[in-house]
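As a plain string of letters, each chain reads:
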Amino acid sequence: MERKLVLKKDIIDALNKAGVKAGQSIMVHTSLSSLGFVCGGPQIVIEALLECVGDEGTIMMPTQSWKNLDPEDGVHWEEPKEWWQAIRDNWPAYDKNITPTNTMGAVAEMFRKWPGAYRSDHPARSVAAYGKNARYFTENHDLSNIFGDGSPVGKLYEMDGYVLLIGVGYDKNTSLHLADVRADYPGKHMIKESSAIMEGGKRVWKTYETLYVDGEDFEEIGRAFEENCSVKKEPLGNGIITFMRQRELVDFAVDWIENNRK
């Protein structure tokens, strides 16, 4: 496929057609490379998003740094097992002003450093936000409550926010993890995870309990959701943007999970 040229005005036009409006709070997931040649790179994507929601709106993005998890969880699969303890002992403690994202994409990596943006304190599953509700969305992100009520995605549900997928699928749709938390299914269970954090002014390797989630059926949930609910799609360059109400998505996913997961 021939790469298409994407200008800032093209992004704004597509966002407007999809239903993005001033005052909305939106969780955004992006793949810059899927769009073609974006003239100006991640900067113009962020500028377009902020301009569309205006001063009364809020943009939020996942800025996960999941390399800051125990090597036993598979996050350092390329490193030999004999190094694992050294990684536990030496991996830098999470610093929301410094710690880079892991595979979140160029837009999220720039967004976490955007002037005026806030970033949550979770050492592996942080989010960043900019706008009216940014501080509220990102504060008090508990170690164990990564995706539940009271977490950033839970607060977005509370405020009847939206989800925007730019060139990515439902496998990247973090809000589906809120449905993981709310749904009741046979295989649901807790696990222990560990991360390097600062505690009392010192680096510690902290272990905490949280819900096990993997998202392997998220694409299937997404297909079923689009067959049954209101989703807006617009072409943008070589990609597609998909826009939806988060509450509608989460409520549908809870029912789907309870009826389909083992």
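Heads up: the structure comes first, above all this text.
All values reported here derive from a predicted model rather than from experimental measurement.

Colleague: What exactly am I supposed to notice about the overall build of the protein here?
Modeller: A tally of helices and strands in the protein yields nine helices and 11 strands. With the C-alpha coordinates aligned to their principal axes, the bounding extent of the protein is approximately 50 × 40 × 40 Å. Buried positions account for 50% of the 262 residues belonging to the protein. A fraction of 70% describes how many contacts in the protein between residues 6 or more apart in sequence connect residues 24 or more apart. On the protein, roughly 12500 Å² of surface is accessible, and the fraction owed to carbon and sulfur atoms is 49%. Mean positive and mean negative side-chain charge positions of the protein (31 and 40 charges, respectively) differ by 3 Å.

Colleague: What should I look at first to understand the nonpolar core in this one?
Modeller: Nonpolar side chains tend to gather and get buried jointly when the protein is soluble and globular. Of all hydrophobic cores here, the largest spans 37 residues; its most connected members are Ile11, Leu15, Leu49, Ile59, Met61, Leu164 and Ile166. Elements represented by at least two residues in this core include exactly helix H1 (8-18), strand E2 (25-30), helix H2 (42-53), strand E4 (58-62), helix H4 (106-111), strand E7 (162-166) and strand E11 (239-245). No other element matches the eight residues that H2 contributes to this core. In this structure Leu164 touches Leu15, Ile26, Met27, Val28, His29, Leu49, Ile241, Thr242 and Phe243, once residues within four positions along its chain are discounted. Counting residues in hydrophobic clusters, the runner-up holds 32 residues, among them Met27, Ala129, Ala183 and Ala253.

Colleague: What should I look at first to understand the pattern of salt bridges in this one?
Modeller: Between side chains of opposite charge, a pair can form as their charged atoms come close. Under the definition given, this model contains 18 salt bridges. Note that Asp10 is salt-bridged to Lys9, the shortest N-O span being 3.6 Å.

Colleague: Help me out: how do you make sense of the pairing of E7 in this one?
Modeller: It is a general feature of regular strands that their side chains alternate between the two faces of the sheet. Most of E7 is tucked away, with four of its five residues classed as buried. For E2 and E7, the ladder comprises five bridges, and the chain directions are parallel. The residue of E7 that forms the bridge with Val28 is Leu164. Note: E7 against E11, five bridges, orientation antiparallel. Residue Leu165 lies in a different strand from E11, and its bridge partner there is Thr242.

Colleague: Would you mind going over the side chain of Arg88 with me for this structure?
Modeller: For Arg88, the location among the structural elements is in helix H3 (residues 84-90). Residue classification places Arg88 among the buried positions, given a relative accessible area of 14%. A polar atom in the side chain of Arg88 sits 3.1 Å from the side chain of Gln85.

Colleague: Mind showing me how you'd approach a negative patch on the surface here?
Modeller: A contiguous patch of negative charge on the surface is contributed by Asp184, Asp251, Asp255 and Glu258. Tracing the backbone through its elements, the reader meets Asp184 in the loop between helix H7 (176-182) and strand E8 (190-199).

Colleague: Would you mind going over the pairing of E4 with me for this structure?
Modeller: Of all five residues that make up E4, five are buried, and the element is covered over most of its length. Burial along E4 is two-sided: the residues Thr58, Met60 and Pro62 and Ile59 and Met61 are all buried. Pairing geometry for E2 and E4, over three bridges, is parallel. Each residue of the ladder has a partner; that of Ser25, found in E4, is Thr58. When E4 meets strand E6 (residues 127-131), the two strands line up antiparallel, connected through five bridges. Residue pairing in the sheet places Met60 in a bridge with Ala129 of E6.

Colleague: Can you help me understand the layout of surface pockets in this one?
Modeller: Gaps between atoms show up when a probe of the same size as a water molecule is rolled over them. Taken as a whole, the largest pocket holds about 780 Å³ of empty space. Forming the walls of the largest pocket are 33 residues, and the residues nearest its centre are Gln64, Trp66, Arg125, Asp171 and His177. Elements with a minimum of two residues in the lining of the largest pocket: E2, E4, E8 and strand E9 (202-211). In terms of residue count, the dominant contributor to the lining of the largest pocket is E2 (three residues). Along the lines of polarity and charge, the residues of the lining of the largest pocket split into 16 nonpolar, 11 polar and six charged. By volume, the second largest pocket amounts to about 170 Å³. If you go around the second largest pocket, you meet 13 residues; those closest to its centre are Tyr185, Gly187, Tyr212, Asp214 and Arg261. Class assignment for the residues of the lining of the second largest pocket results in three nonpolar, three polar and seven charged.

Thresholds, definitions, all that
- The written sequence of each chain sets the order in which its residues are numbered from 1.
- In keeping with the model being predicted, local features are shown solely for residues with a pLDDT of at least 70 and side-chain atom pairs are shown and tallied solely at 80 or more, while totals for entire chains, interfaces and linings include all residues.
- The side-chain quantities take in all heavy atoms of the structure and omit both hydrogens and water.
- Helix numbers and strand numbers start at the N terminus; a helix is a DSSP run of H or I with at least 4 residues, a strand a run of E with at least 2.
- Working definition: with a 1.4 Å probe on protein chains only, accessible area under 20% of the residue-type maximum means buried, over 50% means exposed, and in between means partly exposed.
- The contact criterion used throughout is that any non-hydrogen atoms of two residues lie within 4.5 Å.
- Computed by Shrake-Rupley with a 1.4 Å probe, the accessible areas treat only the displayed protein chains as cover when residues are assessed.
- This count recognises Lys and Arg as positive and Asp and Glu as negative, with His and chain-terminal groups excluded.
- In this description, the location of a charge corresponds to atom NZ of lysine, CZ of arginine, CG of aspartate or CD of glutamate.
- Throughout, nonpolar core names a set of buried Ala, Val, Leu, Ile, Met, Phe, Trp, Tyr and Cys residues whose side chains join them through atoms within 4.5 Å.
- What makes a salt bridge here is a side-chain nitrogen of Lys or Arg within 4 Å of a carboxyl oxygen of Asp or Glu, nothing more.
- Two strands are counted as paired when DSSP detects at least two bridges linking them.
- Polar contacts here mean pairs of N or O atoms no more than 3.5 Å apart (in protein, one a potential hydrogen donor and the other a potential acceptor; neighbouring residues in sequence count only if both atoms are side-chain atoms).
- Patch definition: residues above 30% relative accessible area lacking any salt bridge, with like charges linked at up to 9 Å and the nonpolar side chains Val, Leu, Ile, Met, Phe, Trp and Tyr linked at up to 5 Å.
- In this analysis, the protein atoms alone were mapped onto a 1 Å grid. Cavities are point sets where a 1.4 Å probe fits without being able to get out; pockets are open sets with protein on both sides within 12 Å along at least five of seven lines; lining residues have an atom within 4 Å of a point.
- Grid points are joined across faces, edges and corners, and a volume is the space filled by probe spheres set on the points.
- In this count, Pro and Cys sit with the nonpolar residues alongside Ala, Val, Leu, Ile, Met, Phe, Trp and Tyr, while Asp, Glu, Lys and Arg are called charged and the others, Gly among them, polar.

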